[in-house]
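Next come the chains, spelled out residue by residue.
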Amino acid sequence: MAQCEGGAGSWQAALARRLTAVFREAFGSEPRELQFVLAPYRLCPLGAHVDHQLGLATGMALDRGVLLAFAPNEAKRVRVRSLDFPGLVEFPLDAVPAGTAGDWGNYVRGATMALTEHYELLTGMDAVIGGSVPIGGLSSSAAVGCAYLLALEKVNALDVDAFANISLDQRIENGYLGLQNGILDQSMILLAKRSHLAFLDCQARTVESIPPAASLPNVDLLIVHSGVTQALTGTDYNQRVAQCGEAAKRLLQLAGEPAPQRARLRGVPREVYLRHRDKLPLELRKRAVHFFSECERVTAGVAAWRRGDLEAFGHLVRDSGRSSLENYECGSPELTSLYTILCQCEGVLGARFSGAGFRGSCIGFSDPSRREQIRETLAAQYRAAHPNAATRMEVHFCASAGGARFVHLVG
Ligand code: GLA
């Protein structure tokens, strides 16, 4: 029986057994060197929608994520099966096929493409991938991308540091999948430390891990999935990114400053924003207001975290959620209801949409002694608002964990 960190009863051990069984069935013989890489899901309490504008963000990794079982092959081919999606994805290392919209195989194709742009891959890989729980909006796509990168690097004995992997994963998303996102997800997935708040500066590409202050209360990381799932490439995500860039360009032009080809809001001095924001068309103004106010909330939130003031931190998270709704104008009727319910729910401190916030989950910090009441409140109030989606709602009380890592399994 497989055993791994977290104990034999953990989701990792159970998942590892299923992955091993499918590996055997898909690739024939008992794998001699089956290895496992775990890539956690991430949570971003403050700093939403600012990474693509090179802003400031915070994050943590969760004790849930994806697990990839893999072994080298001599065929110089990549062959991958999934526990959740049908079919075998297979291609030669030196001829990565183009992506197909909505195909789960795009992530391993993109990872192989990103790596071959910088390294010579000589060894192929057989692999099976699965996830701990089907939670959306927690950046499972970046977790999957990071897992493939780490596994391909391992079988090819490549020594690639975390920041290089952050860029490689960005290449998968921007270059292969066509999502114009920033580096929030993979930075958290690769660099988070258990119980710490990661403070990311997307322009400097630095991550500071801030330990919990002694006075910080013990909380659950609450994840509530709305029951609504949709790939980000099918949302208005890229359109919002373009609007932010346009707002940056116009602000610089209004100030008589040269605007680069791809202007970002981080490149706009604060005085320029304050002096000229009212001259922007409403939509662009709102995007700029979100960016500048969100970066301020991140700075204030990091200070609150350092002094162990979770209440102040929670208020900022709630305000950040409101800005996502009113200024960034994302959300869906279901996510907005969940956000409103959580903001008023006793025992929940700070709530907001997770990730892009067009579908998926809401997150919050919650009091572990109130789990049952929180479940009941959510079930009753969400059912009343969205009876259909409520049948698929999921509530998870999670803990923080470290970033992506190889996990040891004893067969
Ligand atoms: C998604 C993207 C990230 C980030 C968040 C919003 O998760 O992948 O890059 O923009 O949305 O903060």
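Residues numbered from 1 in each chain as written. Predicted model: local features only at pLDDT ≥ 70, side-chain atom pairs only at ≥ 80, totals over all residues. Heavy atoms only, no water.

Focus on the site of the ligand
For the ligand, the set of nearby residues contains 13 residues, the closest of which are Arg-42, His-49, Asp-51, Asp-185 and Tyr-237. Residue Asp-185 places a side-chain N or O atom 2.6 Å away from an oxygen atom belonging to the ligand. Within the complex, the protein chains bury 97% of what would otherwise be the 310 Å² of accessible surface of the ligand. For the shell around the ligand, the class distribution of residues is five nonpolar, five polar and three charged. Each of two domains, domain 1 (8-212 + 401-407) and domain 2 (220-399), supplies a minimum of three residues to the shell around the ligand. (Near = heavy atom within 4 Å. Polar contact = N/O pair within 3.5 Å; in protein donor to acceptor, adjacent residues only side chain to side chain. Areas by Shrake-Rupley, 256 points an atom, 1.4 Å probe, with all protein chains shown as cover. Nonpolar A, V, L, I, M, F, W, Y, C, P; charged D, E, K, R; others polar. Domains from an automatic or database assignment.)

Description of the environment of Arg-194
For Arg-194, the position within the fold is in the loop between α5 (184-191) and β6 (197-201). Judged by its relative accessible area of 58%, Arg-194 falls in the exposed class. Between the C-alpha atoms of Arg-194 and Asp-63, which are 131 residues apart in sequence, the distance is 9.0 Å. Setting aside residues up to four positions removed in sequence, Arg-194 forms contacts with Ser-400, Ala-401 and Gly-402. (Helix = DSSP H or I, 4+ residues; strand = E, 2+ residues; numbered from the N terminus. Buried < 20%, exposed > 50% of the residue type's maximum accessible area, 1.4 Å probe, protein only. Contact = heavy atoms within 4.5 Å.)

Things to note about the packing of helix α2 (residues 106-116) against helix α3 (residues 140-155)
Remark: α2 packs on α3, axes separated minimally by 9 Å, with the N-to-C direction vectors making an angle of 50°. As the angle between them shows, α2 and α3 are arranged oblique. Seen from above, α2 lies across α3 with right-handed handedness. Facing α2, whose interface residues are Tyr-107, Val-108, Ala-111, Thr-112 and Leu-115, α3 presents Ser-141, Val-144, Gly-145, Tyr-148, Leu-149, Leu-152 and Glu-153. In the contact of α2 with α3, the residues fall into eight nonpolar, three polar and one charged. (Axes fitted to C-alpha atoms, helices over the stretch in contact; angles between N-to-C directions. Parallel < 35°, antiparallel > 145°, perpendicular 65-115°, else oblique. Left-handed = near helix turned anticlockwise from the far one by under 90°.)

Concerning the domain arrangement of the chain
Domain annotation for the chain reports domain 1 (8-212 + 401-407) and domain 2 (220-399). The gap between the C-alpha centroids of domain 1 and domain 2 is 24 Å. Facing the 45 residues of domain 1 at the interface are 47 residues of domain 2. Carbon and sulfur atoms supply 64% of the area that domain 1 and domain 2 bury against each other, a total of about 3700 Å² over both sides. Per-residue buried area on domain 1 facing domain 2 is highest for Leu-46, His-49 and Gln-53; these three make up 21% of the total on that side. Put simply, domain 1 and domain 2 have two salt bridges between them. (Buried area = accessible area lost by both parts, 1.4 Å probe. Salt bridge = Lys/Arg side-chain N within 4 Å of Asp/Glu carboxyl O.)

A look at helix α1 (residues 11-27)
Taking 1.5 Å of rise per residue, 17 residues should cover 24 Å, and α1 covers 24 Å from first to last C-alpha, within 8% of that figure. Three or more residues of α1 are buried, namely Gln-12, Ala-13, Leu-15, Ala-16, Leu-19, Thr-20, Val-22, Phe-23 and Phe-27. Lining the buried residues of α1 we find β1 (35-43), β2 (56-73), β3 (77-82), β4 (88-92), β5 (124-131) and β13 (405-407). Gly-28 lies just past α1 and shows a positive phi near 85°. (Expected span 1.5 Å × (residues − 1).)

A short note on the packing of helix α10 (residues 333-344) against helix α11 (residues 371-385)
Packed helices, taken two at a time, are described by the angle between their axes plus the distance between the axes. One can describe the packing of α10 onto α11 by two numbers: an axis separation of 10 Å at closest approach and a directional angle of 145°. For the element pair α10 and α11, the recorded crossing hand is right-handed. Facing α10, whose interface residues are Glu-334, Ser-337, Leu-338, Ile-341 and Leu-342, α11 presents Thr-377, Leu-378, Gln-381, Tyr-382 and Ala-385. Partitioning the contact of α10 with α11 into residue classes produces six nonpolar, three polar and one charged.

Focus: the packing of aromatic side chains
In this structure the tally under the stated criterion is eight aromatic pairs. Seen from their ring centres, Phe-291 and Phe-292 are 5.2 Å apart, and the 85° between their planes marks the pair as edge-to-face. With respect to class, Phe-291 is no different from Phe-292; both count as buried. Members of the aromatic cluster, connected to one another through ring pairs, are Tyr-273, Phe-291 and Phe-292. One residue, Lys-154, lies across the ring of Phe-406, its end atom 4.6 Å from the ring centre. (Phe/Tyr/Trp six-rings, centres within 6.5 Å; stacked < 30°, edge-to-face > 60°. Lys NZ or Arg CZ within 6 Å of the ring centre and 35° of its normal.)

Looking at unusual backbone geometry
Despite not being glycine, Ala-157 shows a phi value in the positive range, around 50°. For Ala-157, the location among the structural elements is in the loop between α3 and α4 (162-177). You can call Ala-157 exposed: its relative accessible area is 70%. We note that Glu-329 has phi near 55°; this positive angle belongs to a residue other than glycine. Within the secondary structure, Glu-329 sits in the loop between α9 (310-326) and α10.

Concerning the side chain of His-396
Mapped onto the elements, His-396 comes out in strand β11 (residues 394-398). Given a relative accessible area of 11%, His-396 falls into the buried group. Side chain to side chain, His-396 and Glu-394 meet in a polar contact 2.8 Å long.

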